[in-house]
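Residue strings, one per chain:
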Amino acid sequence: MASRARITELASAESRIRVRETLGRRGSARLTVATGVIVCLGLAVFAETPTGTAEATATIDPVAVQQRALADQAASRATRSADEAKTAESAPQDEAGTATAEPVPPAEPVAPAEPEPPAEPAPPVDPGPVAGLSLAQMNNAKAIVRTGRDMGMPRRALVIAVATAMQESNLLNLASGVLPESMNYPNQGVGWDHDSVGLFQQRSSTGWGPVGKLMDPAYATTRFLEALMQVPGWQWMRLTEAAQAVQVSAFPEHYAKHEGRATIVVDAIVPGWK
């Protein structure tokens, strides 16, 4: 054991002398590092002989160790440079040879959703009498609603028309006792309000139309709705105000009391129409 320790001490001393000679003025910091490395490596160069005597089998050259480390670093840098070059060559390039990013295909255009057409009101049906009406009154209400639908009128206009006919004639197609000519046409009773005839008690003498035509529920309804369309803002008026603007009655507020029943009647003829 003493012999082995002595050999190690001699090897370390000899190694330090060689390092000083080789490194010269490279600085005490490098000398310390090199000496430590060599001492560690010097311990590994001794092998146990069959007789138990340690003998030096090789001599470590610190310059060679440093040169090999530098060579390994240079080889690593060269490998990285080669990999980067291959990556650049595989990327698409523009006309100037500059690598460009992969083109991204444009997104498929999305067609705008088509607006849904407005819902059409349900077609008129043929219900029995509602809201306390007789069969004759209900048939006249149906004639008013169907005529207005054929004209393309809104629901509100037909409610106003039915309510007006309820007030003017109790929804009956009346002739006039003052106008004998009116008796020549189909009628459901006789009224005595001047020469007023039909569902809306319209007067031929004031320009509403010929007596025979005014006794036709479809014609009378058309004339009423045409006049209603000429009233500015009728859609936003109270029902009684819109009706009065057309009829010019001596009792302008009386139309209001028929609005509820008129609404029930229109809804029964055209269900689901709002």
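Quick caveat: nothing in here was measured; it's all calculated off a predicted structure.

## Some details on the overall build of the chain
Part 1 of the reasoning: What the chain contains, in helices and strands, is nine helices and six strands.
Part 2 of the reasoning: Here the chain holds 274 residues, and 29% of them are scored as buried.
Part 3 of the reasoning: Of the contacts formed within the chain by residues at least 6 apart in sequence, a portion of 52% connects residues at least 24 apart.
Part 4 of the reasoning: A total accessible area of about 17,000 Å² is found for the chain, and carbon and sulfur atoms account for 57% of it.

## Concerning the confidence of the model for the chain
Part 1 of the reasoning: When pLDDT is averaged along the chain, the result is 77, and 61% of the positions lie at 70 or above.
Part 2 of the reasoning: Low pLDDT, under 50, characterises residues 25-58; the stretch is placed with 33 contacts to residues that sit more than four places away or in other chains.

## Focus: a nonpolar patch on the surface
Part 1 of the reasoning: A cluster of nonpolar side chains, namely Val178, Met183, Val190 and Trp192, defines an oily patch on the protein surface of about 420 Å² accessible area.
Part 2 of the reasoning: You can call tryptophan 192 exposed: its relative accessible area is 65%.

## Section: the nonpolar core
Part 1 of the reasoning: Residues Ile144, Ile160, Val162, Leu171, Phe200, Leu225 and Leu228 are the most contacted members of the largest nonpolar core, which totals 42 residues.
Part 2 of the reasoning: When neighbours within four sequence positions are excluded, isoleucine 160 is seen to be in contact with Phe224, Leu228, Trp234, Leu239, Ala242 and Ala243.

## Here we look at unusual backbone geometry
Part 1 of the reasoning: The phi dihedral of asparagine 170 falls on the positive side, at around 60°, and the residue is not glycine.
Part 2 of the reasoning: The residue asparagine 170 is located in the loop between α5 (155-169) and β3 (175-176) in this model.

## Observations concerning the packing of aromatic side chains
Part 1 of the reasoning: Under the counting rule described, the total for this entry stands at one aromatic pair.
Part 2 of the reasoning: With a centroid separation of 4.8 Å and 10° between ring planes, the pair formed by phenylalanine 200 and phenylalanine 224 is classed as stacked. Placement of the pair is phenylalanine 200 in the loop between β5 (196-197) and β6 (202-203) and phenylalanine 224 in helix α7 (residues 217-229), with a sequence separation of 24 residues.
Part 3 of the reasoning: Exposure remark for phenylalanine 224: the relative accessible area of 0% places this residue in the buried category.

## What about helix α8 (residues 239-247)?
Part 1 of the reasoning: In terms of residue burial, α8 counts as a mostly covered element, since seven of its nine residues are buried.
Part 2 of the reasoning: Every buried residue of α8 is listed here: Leu239, Thr240, Ala242, Ala243, Gln244, Val246 and Gln247.
Part 3 of the reasoning: Packing partners of the buried residues in α8 comprise α5, α7 and α9 (259-269).
Part 4 of the reasoning: At the C-terminal side of α8, valine 248 shows a positive phi close to 55°.

## Looking at the packing of α5 against α8
Part 1 of the reasoning: The geometry of α5 relative to α8 is characterised by a closest axis approach of 10 Å and an angle of 70° between their N-to-C directions. Relative to α8, α5 is oriented roughly perpendicular. In this structure, α5 meets α8 at a crossing whose hand is right-handed. Seen from α5, the contacting residues are Arg156, Val159, Ile160, Ala163, Thr164 and Glu168; seen from α8, they are Leu239, Ala242, Ala243 and Gln247.
Part 2 of the reasoning: A per-class count over the contact of α5 with α8 returns six nonpolar, two polar and two charged.

## Some thoughts on the packing of α7 against α8
Part 1 of the reasoning: Their axes nearest at 9 Å, the elements α7 and α8 cross at an angle of 110°. When the axes of α7 and α8 are compared, the pair comes out roughly perpendicular. Of the residues in α8, those in contact with Phe224, Ala227 and Leu228 of α7 are Ala242, Val246 and Gln247.
Part 2 of the reasoning: When grouped by side-chain class, the residues that make up the contact of α7 with α8 number five nonpolar, one polar and no charged.

## Side note on the environment of tryptophan 208
Part 1 of the reasoning: Tracing the backbone shows tryptophan 208 in the loop between β6 and α6 (211-214).
Part 2 of the reasoning: Linking tryptophan 208 and alanine 220, residues twelve residues apart in sequence, is a C-alpha distance of 8.6 Å.
Part 3 of the reasoning: Apart from the residues lying within four places of it in its own chain, the contact partners of tryptophan 208 are Gln202, Arg203, Leu214, Tyr219, Arg223, Phe224, Ala227 and Val246.

## With respect to the environment of valine 197
Part 1 of the reasoning: Take valine 197: it is sitting in strand β5.
Part 2 of the reasoning: Assessed through its relative accessible area of 1%, valine 197 is described here as buried.
Part 3 of the reasoning: Separated by 18 residues in the primary sequence, valine 197 and methionine 215 place their C-alpha atoms 6.5 Å from one another.

## A short note on the pattern of salt bridges
Part 1 of the reasoning: The final tally for this structure, using the stated rule, is seven salt bridges.
Part 2 of the reasoning: Aspartate 267 is the partner of arginine 155 in a salt bridge, and the nearest nitrogen-oxygen pair spans 3.0 Å. Remark: aspartate 267 occurs in helix α9 and arginine 155 occurs in helix α5; sequence separation between them is 112 residues.
Part 3 of the reasoning: A relative accessible area of 24% places aspartate 267 in the partly exposed class.
Part 4 of the reasoning: Taken together, the shared-partner salt bridges connect Arg238, Glu241 and Glu253 into one network.

The rules behind each value
- Throughout this document, residue positions are counted from 1 along each chain, in the order its sequence is written.
- Given that this is a predicted model, residues contribute local features only at a pLDDT of at least 70 and side-chain atom pairs are listed and counted only at 80 or more, while totals for whole chains, interfaces and linings are drawn from all residues.
- The side-chain figures draw on all heavy atoms in the structure; neither hydrogens nor water molecules are used.
- Put simply, DSSP H or I for four residues or longer makes a helix, DSSP E for two residues or longer makes a strand, and each gets a number counted from the N terminus.
- Exposure classes here rest on a 1.4 Å probe applied to the protein chains alone. A residue is buried below 20% of its type maximum, exposed above 50%, and partly exposed in between.
- What makes two residues a contact is simply this: any of their non-hydrogen atoms within 4.5 Å.
- Values of accessible area rely on a 1.4 Å probe in the Shrake-Rupley scheme; residue burial ignores everything except the protein chains shown.
- Summary of the metric used: pLDDT quantifies the predictor's per-residue confidence within the range 0 to 100.
- The patches described consist of residues with a relative accessible area above 30% and no salt bridge, like charges being joined within 9 Å and nonpolar side chains (Val, Leu, Ile, Met, Phe, Trp, Tyr) within 5 Å.
- A carboxyl oxygen of Asp or Glu within 4 Å of a side-chain nitrogen of Lys or Arg is what we treat as a salt bridge.
- Definition used in this section: a nonpolar core is a set of buried Ala, Val, Leu, Ile, Met, Phe, Trp, Tyr and Cys residues joined via side-chain atoms within 4.5 Å.
- For this analysis, a ring pair means two rings from Phe, Tyr or Trp (six-membered ring only for Trp) whose centres lie within 6.5 Å, classed as stacked if their planes differ by under 30 degrees, edge-to-face if by over 60, and tilted for the remaining angles.
- For helices, the axis comes from a line fit to the C-alpha atoms of the stretch in contact; other axes are also lines fit to C-alpha atoms, and the angle between any two N-to-C directions lies between 0 and 180 degrees.
- Geometric relationships in this document are graded by angle, where less than 35 degrees denotes roughly parallel, more than 145 denotes roughly antiparallel, 65 to 115 denotes roughly perpendicular, and other angles denote oblique.
- Left-handed is the label given to a crossing in which the near helix is rotated counterclockwise from the far helix by less than a right angle, and right-handed is the label when the rotation is clockwise.
- Residues are grouped as follows: Ala, Val, Leu, Ile, Met, Phe, Trp, Tyr, Cys and Pro are nonpolar; Asp, Glu, Lys and Arg are charged; every other residue, Gly included, is polar.

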